[in-house]
Amino acid sequence: MTSDWPLLLAGPIVRRVEPKLVSVWVALRDACDVELSLWEGELTSTSDAGQLLVTNRTPFATQTEVSIRGGANLHIALVTWEGDDTKKLKDGTLYSYNVKLTPKSGGGASDLSSLNLLKTDLNSQPPVLALGYTDKKLPTFVTVPDDLLKLKIAHGSCRKTFGVGEDALAFLDTLIKDNRTSVDKRPQQLVMTGDQIYADEVAEMLLPAINAVGQDLIGKADNGLPHEHLLLPMPDDETRFWPANLEHFPAARRQRLTQVAARFTSGSAKSHLLSLGEFFAMYLMVWSNVLWPDQLTDKATLYPDEIDNPPPTHQLHTPLDKLAGAKKAYEGRKQKTEQFRKALPGVRRVLANISTYMIMDDHEVTDDWYLTDQWRHLVLQTGLGRYVIGNALIAYGVFQAWGNDPKAFKQGKNQAFLTQVQALYPATPTPPETTDTRHGSLQSLLGLVADPTDQPDNFVRWYYSVPGPKHQMIVLDTRNWRKGRSLYSPPGLIEKGVLEQQIAQTSRPEGKEVTFVVSAVPVLGLPTIEEALQPAYALKLDVMREFKRRKLDKSPPDGDTDEQTKQKLELIGAAGKDPEPWSFDPYAMENLFQRLAGHERIVFLSGDVHYALSAVADYWQKTNNALTPKARFVQLTSSAFKNIEADLLAIASSPAGQVIFDKLEAPLERLIWNEDDPAPVSAPSGKRLSAHYRARLDESPVLVGPGGWPRDTVVNRAPDRAWRFRLARDGRPDSERPEAIRHLPLAQDFDPNGDRSARVKTYNDMLVRHQATLTKNDPRLVLFDSNVGVVGLEREDSLTLTAAAIDQLAADAGLSEAVIDGLRGLQDRPILEENFRAVLKAHLGLHHGLSVQDLDTIKARTTRTDNVLAVRHQLYATHPEKRDKAEVYTQQLISLGLTSEAAPAIIGAASE
């Protein structure tokens, strides 16, 4: 019963904050006037619990907005205060706020105090954590400081209700609580880089509640049927509108429906969201515990032995006898879903206390959304596919995108979007055919066309930017503007013409020291996965698909036509390869680098991949016929909030797994020529280049690596650009890392001719240490546990070993030839002082037996550069045995200064 619902369904969520703008988002049961009040500093209410806020302090500013209609029982407000030159927020300052709700239908007003949201009560239903962290205190946010070294940005992605692991978004709750009044230590911004919901991977025991809430949000007729319907073609070619309820679209049985009727390729779509009400309800449930059911739906209800008088839509649903695997996994998913629910009070409090920016990835819609041009074309040919994608984007627009850039939704296509959303389900119900016409208009506005890059100005725009006192943030839309080189090829994540719109400036604005760029998919990914594992997996899928096709020719499965099944297998094969790293279309990746290079210091914030890491790429550009350093790209990836890849975790997080990643310390490099004519590279006299290189040299721009060429290959002209990629590592001593992941101390030296019992004990201690190391997490490079990243900037000293310094060490330091050869591999490479010893050990290897004195001797011969701007990436995670506290499990410090290293060059090339 909606009468049992509280007025405030979700929120408040602090969204965009600038000196002259503050916006706060709320979701409501009733249409309301929503008033936002702001105070500088902390504010404590003097009223009793359950009463309106009482204070003798005058607000710094107030603003009232009217909520917009999403359905009969869903009204959404983004109340936005705009200041001016005479009245604006101070940089690096804490502000308190209150939200007051006055129903349009009459009755008394409510606010955060009267709604009992300023008092912790874990025994209430649902449980509440005081939004101000201390009873009677208002929630707060902190503006970005004008001192770049005090900037703190939290980021992460991928929260699945039944995902493996703790909910890392809730880790920020403790971080804010412990630093609530410190504007320097508390994160000022939160960037959520995608998969804020999982529309395809929905816990089946939660979907009945999602569907029921969704029906109530949109509204029901007097006969109890929902106003919302889904247009669905049946196998007998009859196309009808069907009520969007569980009778016609049951939980746990939607896999076949989404693949056949919508051409979706998610392999985990058993309870895929379909209706707009379901998408709305899902957002409310991942951000708030208000509408969760007392009990999740039981197994017997979800997996009946048979269904009496099933409606015609069941022809398209997964047969009951195919659900044994899902039924077996029920208890595990239920346990993880309950775990998700328990973290929601902390998650709600986090979102109420930090300025939050969001961008979508694929799971907000469906796995593989717009994966390739072929996927797009086939799915958008289906009515159900267009309808579900439209519903997903409507929900994304009002729940996520609106708050990112409120001013953008006051004009043009974005304003038209909000207007049409309010008219979709008006107060006076209309026939499904009328709603379908309105929905079709929204689909057109949302770019559900074969190729939106042909007419990009005709659609809603989701990309945006956020200025800061000393930095700027550019948030890219990498899903809607893709363009492949063919129907089947890996996509360029942003078509070049649209990229120029998303990144409007080709140089860093005056006064800004760093440019943050948000890309849901990492720009600089983990080469082990992108360059080795994914291609190997793609080969496996191709082989499996061919066997399936051969079997299909002999015996087509029941229920699909031969042609439908062939198309489905073709799609699944392509989608399973997941060909969407930036590196899979190197030309699109080069477009991005070239567009951003003028910003000089660029930090990418990304998620998506269900692991966390830090990496760097140095970028050179031709000046006066020689390559000179132009930019440094730093990749910071934090993922997943709650969706651990459990199969990878045990191996990849072990010391052995990290050693494999550590081998990637050897750099990856690329050379680029803008044009292929005249030939930039020629074969040595009397030889012919391989077919691979001939093909690369025959396409503009020319993109090649420095290795694998014949000796004395001729470089005819200097490259126009080049880059070199490396992973960053955690250089902290073991003693400074969380206790749960520290290795046991090394055994002390002993006299091999001494006491026998001492020798035995030492050998035993070593064996114990080795055994413990095999089972210990050691995320020096890549973190696979649930995690959230926090980014800060510092000024550090940088050390460089010159050729002359290495020659001196070779002459008089008493170091072995192996050590000297290793040092030459570090020649001219700038290394932050904090990382110096760790880089030496990683590069040279402990087997060289370097002593503390040797390390000090090497360090003493370095050239020092003072005051280099660096970025510190701290990744918070928990250990299975210490889930009550998140600690910094992985930490990297990376220089943002331009490199002094020589640019990449073709190995073994003859003189130009």
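Engineer: Tell me what's going on with the overall build of the chain, and back it up with residues and numbers.
Structural biologist: Check the secondary structure of the chain and you find 23 helices and 31 strands. In terms of overall size, the chain behaves like a compact globule, its C-alpha atoms giving a radius of gyration of 29 Å where 912 residues would be expected to give roughly 29 Å. The dimensions of the chain, computed from C-alpha atoms along their principal axes, are 90 × 75 × 70 Å. The buried share of the chain, reckoned over its 912 residues, is 57%. Partitioning the contacts of the chain with sequence separation of at least 6, the portion at a separation of at least 24 is 78%.

Engineer: Just give me the short version of the nonpolar core, but keep the residues and values in it.
Structural biologist: Counting residues in hydrophobic clusters, the biggest one holds 141 residues, and the most contacted among them are Phe 280, Ile 389, Phe 399, Phe 417, Trp 462 and Phe 516. Of all the elements, helix H9 (residues 383-404) adds the most residues to this core, at 13 residues.

Engineer: Give a description of the pairing of strand E5 (residues 68-71) that names residues and reports values.
Structural biologist: Of the strand pairs in this sheet, E5 and strand E6 (residues 74-82) are connected by three bridges, and their pairing is antiparallel. Bridging from a neighbouring strand, Ile 68 pairs with Ile 76 of E6. If you look at the hairpin formed by E5 and E6, you'll find two residues sitting between the two strands.

Engineer: Describe the sheet that holds E5, listing the residues and the values that go with them.
Structural biologist: Taken together, four strands build an open sheet; the order of strands is E1-E2-E6-E5 and the sheet is antiparallel. Two strands in the sheet have a free side with no partner beyond their single neighbour: strand E1 (8-18) and E5. Within the sheet, the average angular offset between the axes of one strand and its neighbour, ignoring direction, is 15°. Across the sheet, H9 touches E1, strand E2 (21-28), E5 and E6, and the angle it forms with E6 is around 5°.

Engineer: A description of the environment of Ala 261 should follow, citing residues and the corresponding values.
Structural biologist: Tracing the chain through its elements places Ala 261 in the loop between helix H3 (255-260) and helix H4 (276-287). Look at Ala 261 and you get buried, because its relative accessible area is 8%. A C-alpha to C-alpha distance of 9.3 Å links Ala 261 and Pro 235, two positions 26 residues apart in sequence. In this view, Ala 261 contacts Leu 232, Arg 256, Leu 316, Thr 382 and Leu 384; residues no more than four positions away in its chain are not counted.

Engineer: A description of empty space enclosed by the protein should follow, citing residues and the corresponding values.
Structural biologist: Applying the stated rule across the entire model yields eight cavities of 30 Å³ or more. The space that makes up the largest cavity amounts to roughly 270 Å³. Mapped onto the lining of the largest cavity, the elements with two or more residues apiece are strand E21 (613-623), strand E27 (721-727), strand E29 (831-832) and strand E31 (882-895). Its residues assigned to classes, the lining of the largest cavity comprises nine nonpolar, two polar and seven charged. Taken as a whole, the second largest cavity spans an internal volume of roughly 70 Å³. Considering the residues around the second largest cavity, the lining is formed by Leu 117, Pro 127, Val 128, Leu 129, Leu 131, Asn 289, Leu 344, Pro 345, Arg 348 and Arg 349. Residue composition of the lining of the second largest cavity, grouped by class: seven nonpolar, one polar and two charged.

Engineer: With reference to specific residues and values, describe the packing of helix H10 (residues 412-424) against helix H11 (residues 432-445).
Structural biologist: Put simply, H10 and H11 touch, their axes get as near as 10 Å, and they point 160° apart. One element, H10, and the other, H11, form an angle in the roughly antiparallel class. Where H10 crosses over H11, the two elements pack in a sense that is left-handed. In this structure, H10 uses Lys 413, Ala 416, Phe 417, Gln 420, Val 421, Ala 423 and Leu 424 to contact H11, whose residues at the interface are Thr 435, Arg 438, His 439, Ser 441, Leu 442 and Leu 445. Classifying every residue of the contact of H10 with H11 by side-chain character gives seven nonpolar, four polar and two charged.

Engineer: An account of helix H7 (residues 330-351) is requested, with residue identities and associated values reported.
Structural biologist: Compared with an ideal rise of 1.5 Å per residue, which puts 22 residues at 32 Å, H7 spans 30 Å between its outermost C-alpha atoms and is within 8% of the ideal. A bend of about 45° at Leu 344 is the largest found in H7, and the proline Pro 345 appears one to four places after it.

Engineer: An account of the side chain of Arg 769 is needed here, citing residue identities and associated values.
Structural biologist: Turning to its location among the elements, Arg 769 is positioned in helix H19 (residues 756-775). Here Arg 769 occupies a buried position and makes no salt bridge, while the nearest side chain of opposite charge, Asp 734, is found at 5.7 Å.

Engineer: Report on the packing of aromatic side chains, specifying residues and quantitative values.
Structural biologist: Overall, the coordinates contain 25 aromatic pairs when judged by the stated rule. With 6.2 Å between their ring centres and 85° between their planes, Tyr 370 and Trp 375 make a pair best called edge-to-face. Their ring planes at 85° and their centres at 5.6 Å tell us that Tyr 619 and Phe 633 sit as a pair that is edge-to-face. Separated by 14 residues along the polypeptide, Tyr 619 in strand E21 and Phe 633 in strand E22 (residues 626-637) bring together distant segments of the chain. For Phe 633, a relative accessible area of 0% puts it in the buried group.

Engineer: If you had to explain the confidence of the model for the chain to someone new, which residues and values would you point to?
Structural biologist: Chain-level statistics for the chain give a pLDDT mean of 90 and a share of 92% at 70 or above. Here residues 559-564 is modelled with pLDDT under 50, and outside its nearest four sequence neighbours on either side it reaches eight contacts, counting other chains as well. Taken together, the stretch residues 568-574 has pLDDT below 50 and engages in 23 contacts with residues farther than four places along the chain or on a different chain.

Engineer: An account of the pattern of salt bridges is requested, with residue identities and associated values reported.
Structural biologist: Under the counting rule described, the total for this entry stands at 46 salt bridges. For the salt bridge of Arg 632 with Asp 618, the shortest nitrogen-to-oxygen distance reads 2.7 Å. Of this pair, Arg 632 sits in strand E22 while Asp 618 sits in strand E21, and the two are 14 residues apart along the sequence. You can call Arg 632 buried: its relative accessible area is 8%. What makes Asp 618 buried here is its relative accessible area of 2%.

Engineer: Give a description of the side chain of Ser 113 that names residues and reports values.
Structural biologist: Considering the arrangement of structural elements, one finds Ser 113 in the loop between strand E8 (110-111) and strand E9 (140-142). In this structure Ser 113 comes out as buried when scored by relative accessible area, which is 7%. Reaching out from Ser 113, the side chain makes a polar contact with the side chain of Ser 47 at a distance of 3.4 Å. Setting aside anything within four residues of it in sequence, one finds Ser 113 in contact with Ser 45, Ser 47, Asp 48, Gly 50, Gln 51, Leu 52, Leu 53 and Leu 118.

Engineer: Mind laying out the sheet that holds strand E23 (residues 668-673), listing which residues take part and the relevant values?
Structural biologist: The strand order across the open sheet built from nine strands is E15-E16-E19-E20-E22-E21-E27-E23-E25, with neighbouring strands paired in mixed fashion. The strands lining the two open edges of the sheet, one partner per strand, are strand E15 (464-467) and strand E25 (702-704). Adjacent strand axes in the sheet meet at a mean angle of 20° when their direction is disregarded. Looking at chain direction, E21 and E22 are connected through eleven bridges and run antiparallel. By the bridge assignment, Asp 618 is partnered in E22 with Arg 632.

Engineer: I'd like a rundown of helix H21 (residues 817-824), residues and numbers included.
Structural biologist: Listing the buried residues of H21 in full gives Val 819, Ile 820, Gly 822 and Leu 823. Looking straight down H21, one finds its buried side chains confined to an arc of 160°; they lie on one side. Looking at H21, the residues exposed on the side facing more than 90 degrees away from the buried face are Glu 817 and Asp 821. Considering only its buried residues, H21 is in contact with helix H20 (803-812), helix H22 (836-844) and helix H23 (852-860).

Engineer: Let's hear about unusual backbone geometry: which residues, and what values?
Structural biologist: Geometrically, the link from Gln 125 to Pro 126 is a cis peptide bond, its omega value of 5° lying close to zero. As for its placement among the helices and strands, Pro 126 is situated in the loop between E8 and E9. Phi at Asp 368 takes a positive value of approximately 75°, unusual for a residue other than glycine. What makes Asp 368 buried here is its relative accessible area of 3%. The backbone of Asn 867 shows a phi angle near 60°, a positive value even though the residue is not glycine.

Engineer: So what's going on with the pairing of strand E10 (residues 152-156)? Which residues, and what values?
Structural biologist: When a strand is regular, its side chains alternate between the sheet's two faces. Where burial is concerned, most of E10 is hidden: five out of the five residues are buried. On E10, burial covers both faces: Lys 152, Ala 154 and Gly 156 on one face and Ile 153 and His 155 on the other are all buried. In terms of strand pairing, E10 meets strand E28 (residues 788-800) through four bridges, oriented antiparallel. Residue pairing for E28: His 155 is matched across the bridge by Gly 789. Here E10 pairs with strand E11 (residues 189-192) via four bridges, running parallel. Each residue of the ladder has a partner; that of Ile 153, found in E11, is Gln 189. Since E10 and E11 lie parallel, the crossover through helix H1 (residues 171-178) that links them has a hand, and here it is right-handed.

Conventions and cut-offs
Residues numbered from 1 in each chain as written. Predicted model: local features only at pLDDT ≥ 70, side-chain atom pairs only at ≥ 80, totals over all residues. Heavy atoms only, no water. Helix = DSSP H or I, 4+ residues; strand = E, 2+ residues; numbered from the N terminus. Rg over C-alpha atoms; globule rule 2.2 N^0.38 Å. Buried < 20%, exposed > 50% of the residue type's maximum accessible area, 1.4 Å probe, protein only. Contact = heavy atoms within 4.5 Å. Core = buried A, V, L, I, M, F, W, Y, C linked by side-chain atoms within 4.5 Å. Pairing = 2+ DSSP bridges. Axes fitted to C-alpha atoms, helices over the stretch in contact; angles between N-to-C directions. 1 Å grid on protein atoms, 1.4 Å probe; cavity = no way out; pocket = protein on both sides within 12 Å on 5 of 7 lines; lining within 4 Å. Points joined across faces, edges and corners; volume = space filled by probe spheres on them. Nonpolar A, V, L, I, M, F, W, Y, C, P; charged D, E, K, R; others polar. Parallel < 35°, antiparallel > 145°, perpendicular 65-115°, else oblique. Left-handed = near helix turned anticlockwise from the far one by under 90°. Expected span 1.5 Å × (residues − 1). Bend = angle between axes of the 7 residues up to and from the residue. Lys, Arg positive; Asp, Glu negative; His and termini not counted. Salt bridge = Lys/Arg side-chain N within 4 Å of Asp/Glu carboxyl O. Phe/Tyr/Trp six-rings, centres within 6.5 Å; stacked < 30°, edge-to-face > 60°. pLDDT = per-residue confidence, 0-100. Polar contact = N/O pair within 3.5 Å; in protein donor to acceptor, adjacent residues only side chain to side chain. Arc of directions from axis to C-beta. Right-handed = clockwise from strand over helix to strand, strands pointing away.

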